[in-house]
Amino acid sequence: MPYAKLTIELPAAIWIGEVSREFPETTFRVLSAVPTGDSGFGLLEIDGDSLPAVVEAVQERPDISSLEVMQHTDGAAIVQFETSEPLLLLSIQESGAPIELPVTIRDGDAVIELTASRDRLSEFGRQLEAFGMSYTLNRVYDQADQSDLLTDQQRELLVTAVEMGYYDTPRECTLTELAEERALAKSTASVTLHRAEESVIKEFVAERLGTTTEEPMGVVPE
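Starting from 1, residues in each chain are numbered consecutively following that chain's sequence as written. For this predicted model, a pLDDT threshold of at least 70 governs which residues receive local features, and a threshold of 80 or more governs which side-chain atom pairs are given and counted, while totals over whole chains, interfaces and linings are taken from all residues. Heavy atoms throughout the structure, all of them, feed into the side-chain values; hydrogens and water do not.

Description of helix H2 (residues 51-59)
Inference 1: Partly exposed describes any residue whose relative accessible area lies between the buried limit of under 20% and the exposed limit of over 50%, with all areas from a 1.4 Å probe on protein chains only and scaled to the type maximum. Numbering of helices and strands starts at the N terminus; helices are DSSP runs of H or I of at least 4 residues and strands are runs of E of at least 2. Every buried residue belonging to H2 is among Leu-51, Val-54, Val-55, Ala-57 and Val-58, and all of these are buried. The arc enclosing the buried residues of H2, seen along the axis, measures out at 160°, which places them on a common side.
Inference 2: In what follows, residue pairs with any heavy atoms lying within 4.5 Å of each other are defined as contacts. Packing partners of the buried residues in H2 comprise helix H1 (15-22), strand S2 (27-36), strand S3 (39-47), strand S4 (64-72) and strand S5 (76-83). The directions considered for the arc are those from the helix axis to the C-beta atoms.

What follows is the structure, encoded as structure tokens:
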């Protein structure tokens, strides 16, 4: 089943988008959120400086019906809120796509991860557009493909290379010694290891360093 990670540019109509732009160094994490009719309830973690001012700014928003500080430390607070404008929640509800919590919001951008069928992912994209939200698709792949990232031979050779210290500084073994350990020709070991490294590095860069694609949500790779 496809997994997607996207960044949504929250419009001014969404209260948390406006507040997070007012305090761009503050991180907001939606821990739970439940839309009910035309309103929504949730738990929000606020992490950053000027915490009292941030909480006050949230509380003063006209679309916040109620707000209660549940937990408070020097640098973070957890608040329970009710909002009369749960646009993001409604778009998720309409698409039927379950998102993975927490949702992180910073300086007007919400990073959302979800796992759903291609149809639901496409519907989620349509719902975002219907509510006037632009987004960037950071990452999309079929989770079933992740077990096929490396072949058995690549995986075994890569693990052996780590165990023998091939990637240590300085190296504890040579490519020749590594090939002999796996009973492979040196040229075969070199090509196999290079392809394994290529797959692992590309996966790391895409997942951890935030490379993006401009594909719309309606175009989910088969």
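Having seen it, we continue.
With respect to the pairing of S5
Inference 1: With six of its eight residues buried, S5 lies for the most part within the structure.
Inference 2: Between any two strands, at least two bridges found by DSSP are needed for them to pair. Bridge count between S3 and S5: eight bridges; the pairing is antiparallel. The partner of Leu-44 across the bridge, within S5, is Val-79.
Inference 3: Bridge count for S4 against S5 is seven bridges, and the pairing is antiparallel. Looking at the pairing, Leu-67 lines up with Phe-81 of S5.
Inference 4: Connecting S4 to the antiparallel partner S5 that follows it, the hairpin turn spans three residues.

Observations regarding the side chain of Arg-61
Inference 1: Topologically, Arg-61 is positioned in the loop between H2 and S4.
Inference 2: Side chain to side chain, Arg-61 and Asp-63 meet in a polar contact 3.0 Å long. The term polar contact refers here to a pair of N or O atoms within 3.5 Å; inside protein, the definition further demands a hydrogen-donor-capable atom paired with an acceptor-capable atom, and it admits residues adjacent in sequence only when both atoms are side-chain atoms.

Here's the deal with the packing of aromatic side chains
Inference 1: Note on aromatic pairs: the rings of Phe, Tyr and Trp (six-membered ring only in Trp) are paired at centre separations within 6.5 Å, and the planes decide the class, stacked below 30 degrees, edge-to-face beyond 60, tilted for the rest. Counted by the stated rule, this structure contains two aromatic pairs.
Inference 2: Ring centres 5.3 Å apart and planes at 70° place the aromatic pair Trp-15 and Phe-81 in the edge-to-face group. One end of the pair, Trp-15, is in helix H1; the other, Phe-81, is in strand S5, with 66 residues separating them in the sequence.
Inference 3: A residue is classified by how much of its surface remains accessible, and Trp-15, at 4% relative accessible area, is buried.
Inference 4: We classify Phe-81 as buried; its relative accessible area is 6%.
Inference 5: When the centroid spacing of 5.2 Å and the interplanar angle of 85° are considered together, the rings of Tyr-166 and Tyr-167 count as edge-to-face.
Inference 6: The ring of Tyr-166 carries Arg-171 above its face, with NZ or CZ at 3.9 Å from the centroid. Whether a charge sits over a ring comes down to the Lys NZ or Arg CZ being within 6 Å of the ring centre and within 35 degrees of the ring normal.

Describing the environment of Glu-18
Inference 1: Note that Glu-18 resides in helix H1.
Inference 2: Overall, Glu-18 belongs to the partly exposed group, its relative accessible area being 38%.
Inference 3: With 90 residues separating them in the primary sequence, Glu-18 and Gly-108 have C-alpha atoms 6.6 Å apart.
Inference 4: When residues no more than four places from it in sequence are discounted, the contact partners of Glu-18 are Ala-12 and Arg-61.

A word on the pairing of strand S1 (residues 2-9)
Inference 1: Burial of S1 is extensive: six of the eight residues sit out of reach of the surface.
Inference 2: Bridge analysis of S1 against strand S7 (residues 109-115) gives seven bridges, and the strand direction is antiparallel. Bridging from a neighbouring strand, Tyr-3 pairs with Thr-115 of S7.

Some remarks on H1
Inference 1: Of all the residues in H1, the buried ones are Trp-15, Ile-16, Gly-17, Val-19 and Ser-20.
Inference 2: The elements touched by buried residues of H1 are S2, S3, H2, S4, S5 and strand S6 (99-106).

Let's talk about the pattern of salt bridges
Inference 1: Salt bridges, as used here, are contacts in which a Lys or Arg side-chain nitrogen is within 4 Å of a carboxyl oxygen on Asp or Glu. All told, the structure shown has eight salt bridges when counted by the stated rule.
Inference 2: Its salt-bridge partner being Glu-25, residue Arg-106 comes within 3.4 Å of it at the nearest N-O pair. Of this pair, Arg-106 sits in strand S6 while Glu-25 is found in the loop between H1 and S2, placing the two residues 81 residues apart along the sequence.
Inference 3: Owing to a relative accessible area of 36%, Arg-106 belongs among the partly exposed residues under this scheme.
Inference 4: Put simply, Arg-29 and Glu-45 hold a salt bridge, and the shortest N to O gap is 3.2 Å. Placement of the pair is Arg-29 in strand S2 and Glu-45 in strand S3, with a sequence separation of 16 residues.
Inference 5: Salt bridges linked by common partners bring Glu-18, Arg-61 and Asp-63 together as one network.

Any functional reading would require information beyond the geometric quantities listed.
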